[in-house]
Structures are given as C-alpha cells and as structure tokens.
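Structural overview for review
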Amino acid sequence: MPFEDIVKGLEGLGADVEREAKAAEQQAARERAERGGEPRSDAGGDAPGSADNPLAGLLGALGLGGRGGGDIGESLAGLAAGLGQQMPGLDPQMFMMMMGRIQSLINAGDGPVNWAMARDVARTVTAAQPDPSPTSGDLAPIEDAVRLAELWLDEATALPAGTTGALAWSRAEWIEQTLPVWKQLVEPVADRMTGAMVGLLPQEASAGIGMPITGLVRQMGGSLFGHQVGTALAQLATEVLGSSDIGLPLGPDGKAVLLPTNVAAFSAGLDLPTADVRLYLAMRETAYHRLFAHVPWLKAHVLGAVEAYARGIAVDEGRIEELMRNAQSPEGLANLQNVFEEGIVFTAPDTPQQRAALARLETILALTEGWVDAVVHAAASPNLPSAAALRETLRRRRATGGPAEQTFSALVGLEMRPRRLRDAARLWALLGDARGIDGRDDLWTHPDLLPTAEDLDDPDGFVYRDEIDLSGLGDVLGGKGDKKDSRDENSEGGREDGGDRE
C-alpha cells in the first residue's frame, strides 16, 4: 500500500477522532457545569513529552496514545484498528510492525543528528575489538616525549609552547572526548540531509490535521545520520594516533594526546624504534597545539571553511527517495538496517561557489599541516635520525587517507586531507630561509597575510614579494624571544621536495 494512502488514511482517521474528541469535550464541559464547575481533569491534556516525541504527538493527536498515558503497544493496536476501518486493505499487524520500527528510529532530542545514537554505535563497534584503558605505564613515556618535543620545538618556531601536559587515551576515550568538535563539523551536512528528506514528503503529509509527520521524518533522519556518524567514528578510532590527525586539535586545550594502542600498531609496521615513532608523533601533536593556542582566530577560521564547504554539498536525493520508498512498507522498514549500513551519499556540485569554498578549505588545511610538517622537520632533523623516514611515512598516510578516513569522507561529505601538503611545507621552509622563523611565523597574525592557493603555485613569488611589510604589525603572538634562525643545513629550503604535489 503506498505511503501516500497511509498518510491520507491517517488524516481521515485524525479528523474523525478530532470530531469525536470535541464532542466528548463538550459533553464533559456540560457535566462539569452540572456538578458546579469542578476543576477540569488533566486526563484530556497532552501527555508529557508529546511535544518532544513526534510519534507520541502523532498518537496523541489521534486520541490513541499520549493522552492519559496509555501503553504504546495498545495505542498502536488502536491506531491500526482505526486505520483498518478507514483503509480496508491495510493489514493491522503489518502496520503495527511498521510503526514500531519507526518508533525505534526516533530521536527524542533536538538537532539534526542523534548524538546519543552516534555515541552508542561508536562505542559498541569499538568494543568489538580489544581496547585496553591506558595505564600510568603507558602515560609516562608519552609525557616524557611531549616534554622533549617542546624543548626541540623551541628552537624551530617563534610560537611558545601550547601544552601543559599529556594524555593517553583509549579508542573509546577518543570517541567521547572528540564528539564536541565533530558536532561542529558534521551538523551542517546533517541539516541538508534532513531538509532533503522533508522536501520529498508529499504535500498532504505536512498539511495533515494534527500530524507532526515532518518532525517525525526529521528525527528519523537524525537517527539515520547518527548511526552513520557513529559507525564512521568507530572506524576512525582504530586508525588515529592522536587528537590532531585531521588537521586541528579535537581534544582539550593544552593537552597533547596519543593513543598507545594505535601508536603501537602503527609502529609495528615500521622498521624503526617505537620510542622514535612516539617522539615524532608527540612533536607533531605539540606543534599543532602551539599553532592553535597562539593563533586565536585559526580554529574558527578552519571550522568556518568546513561550514562553507558543507553548505554547498548536495544530497543524493535518489538515495533518500529509496529510503522513503522503503518506509512505505513494513518489509522495507524491517530492513532499514541495510540503509544504515550503506548510508547516504553526498556530492559536491561543480559550481563557482563550491569550487571557491573547496579551495578555501583545502588551502587552510594545507597551510596548517604544511607549517607543522616544516617546523617539526626543522626541529627533529638534527636530533632524530629517523626523522626523514617518519616524515615521508606520515605525509603519504595523510595524502592517501586510511579506509576509515575514506569512509567518513563518503558518509559525511568532508575530506579533511590537505591535498597540497608538500607545496605548503616547501613554502613555509622557503619563508624560514628568507625571513627567519620570526618573519615566517608573523604571517599567522592575520588570515589576510596567509598565502593563497595561487601562492602555493608560485612559492618563490610569495616569499620574495617586495610589497609585503610586516614591520608595523607589532608582536601579537606574545612570548617570542631570540630564536635560532632556521636557515641552516637542516632547512629543506624547498630543495628536498622539488615542489611535487600529492
């Protein structure tokens, strides 16, 4: 039976129930008047929480639940029986199964993503693999690595230390602690998805008497998206090495984070000492913290670039139409798990606005990652024999992305990889050679001073551009002392990479 027919049947049943409810209310008013105006009972009011739960509101509007606190099973049975009178071809048992499935998808909270479901799914999937909680024995070497990393970075950047300590996280802790930033990253896309789902509803659905079907679909969309995000985060949690793998710190301010289990797995695939790997990762983590702690506009700038890109992402309406068709039959609803697993596909339309948004996002990601890459290389090369090998390994890892990162990109439409990492790292190294580390790092005082995508094409032109004058900007970075000039035998100066791109 088509979904539209069910909607029309619900409307007809709702109208009948509304008339009966009004007649009953008038009769009750007469009886109260005859008894001398006794206070009205609350039994006829809306059930608590019906405004927050569209299914409860739907049943309440039909007089079959949500009023008087009836049992949901009895309410569904009553609803199915009432629809059977309106629509003789409807199987009440199948309809009850369909509505029960819908109820299980509902998010009682607000917002485009069911974050409770995302957390539960991520934690459940993560728990399927060994995920030991880090001990003090795991934390101690991380703390030592972070302290040494900060000392080495002092010689390579004008930005002061940005960490006050270190943390060792399990995968489950990574999921819990990074959720606030993921909310900022994925909710713009989720808004588009739920809006597309609502837009595909028949007009009668949103115009039905007393039927909050639009809210119901929005909350179903929130649950669908919550499941997708939870699955993707669980996969990411098996691959990330710290809190800054996607290009901005996801963890608490001032705390360098590494995941001992994942670091050990990553080190096992390299012919290098685990201590060297841990130290190099600690240097990258602390370099990110220096940058984001002492460039106060940067995090909002990156998130703004992500939002601008997400606003232009198109939702695969064909996939959503398939979802809505599945919702038209009990058999389809019983198989919605397949929809959860396959997810909704997002695409970026090829428009001038979207190309500009993508270029802005890619450029700021490349500049932050490239600065970290160049600064860590300058600090590690004189001290760590394996620095060059680790640098290249992590560059390739970031350029290609692991299976989990690719999954997240497909599900959410966000690709948090710097496509032009090598170009950006070369430009920052050239700046260090030409202007010293103070002159290089002064470019972070304002976003308008940063290199553009065009500058990554011509780094020499940007570095030696005569009209750039930073002398009047003042020292807004704070805490800068006399630093060693990075123009020495350890600077890549653009000579190591040759400017090739990922």
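Treat the numbers as computed from the prediction; the structure is a model and nothing was measured.

Secondary structure assignment for the protein yields 21 helices and four strands. Looking at the protein as a whole, 51% of its 502 residues qualify as buried. Put simply, 81% of the contacts in the protein that link residues at least 6 apart link residues at least 24 apart. In the form shown here, the protein has an accessible surface area of approximately 21700 Å², with 50% of it arising from carbon and sulfur atoms.

Here we take up the confidence of the model for the protein. Confidence in the prediction for the protein averages 74 pLDDT; 58% of positions are at 70 or higher. Throughout residues 39-73 the model reports pLDDT below 50, and contacts reaching past four residues in sequence, or to other chains, amount to 59 contacts.

On to the pattern of salt bridges, then. Evaluated as defined, the whole model comprises 15 salt bridges. Across the salt bridge formed by R397 and D245, the nearest N and O atoms sit 3.7 Å from each other. Of this pair, R397 sits in helix α17 (residues 387-400) while D245 sits in the loop between α9 (213-237) and β2 (255-258), placing them 152 residues apart in sequence. With a closest N to O distance of 2.9 Å, R395 and D373 form a salt bridge.

Each pair of packed helices can be summarised by the angle the axes make with each other and by the distance between the axes. Interhelical geometry of helix α11 (residues 274-294) versus α17 gives an angle of 65 degrees and a closest axis separation of 11 Å. Where α11 crosses over α17, the handedness of that crossing is right-handed. Across the interface between the two elements, D276, V277, Y280, L281 and R284 from α11 touch A387, L390, R391 and L394 from α17. Across the contact of α11 with α17, the residue classes tally to six nonpolar, no polar and three charged.

With that settled, consider the environment of S133. Along the chain, S133 turns up in the loop between α5 (115-127) and α6 (136-154). Residue classification places S133 among the exposed residues on the basis of a relative accessible area of 56%. Once you skip the residues sitting within four places of it in the chain, S133 turns out to touch D138 and S170.

The end-to-end C-alpha distance of α6 is 27 Å, a good match for the 27 Å that 19 residues give at a rise of 1.5 Å each. Among the residues of α6, I142, A145, V146, A149, E150, W152 and L153 are the ones counted as buried. Each buried residue of α6 sits inside an arc of 160 degrees when the element is viewed along its axis, so together they form one side. With respect to the buried face of α6, the exposed residues turned more than 90 degrees away are S136 and L151. Buried positions along α6 lie against β1 (165-168), β2, α10 (260-268), α11 and α16 (352-380).

Rules used throughout
Residues numbered from 1 in each chain as written. Predicted model: local features only at pLDDT ≥ 70, side-chain atom pairs only at ≥ 80, totals over all residues. Heavy atoms only, no water. Helix = DSSP H or I, 4+ residues; strand = E, 2+ residues; numbered from the N terminus. Buried < 20%, exposed > 50% of the residue type's maximum accessible area, 1.4 Å probe, protein only. Contact = heavy atoms within 4.5 Å. Areas by Shrake-Rupley, 256 points an atom, 1.4 Å probe, with all protein chains shown as cover. pLDDT = per-residue confidence, 0-100. Salt bridge = Lys/Arg side-chain N within 4 Å of Asp/Glu carboxyl O. Axes fitted to C-alpha atoms, helices over the stretch in contact; angles between N-to-C directions. Left-handed = near helix turned anticlockwise from the far one by under 90°. Nonpolar A, V, L, I, M, F, W, Y, C, P; charged D, E, K, R; others polar. Expected span 1.5 Å × (residues − 1). Arc of directions from axis to C-beta.

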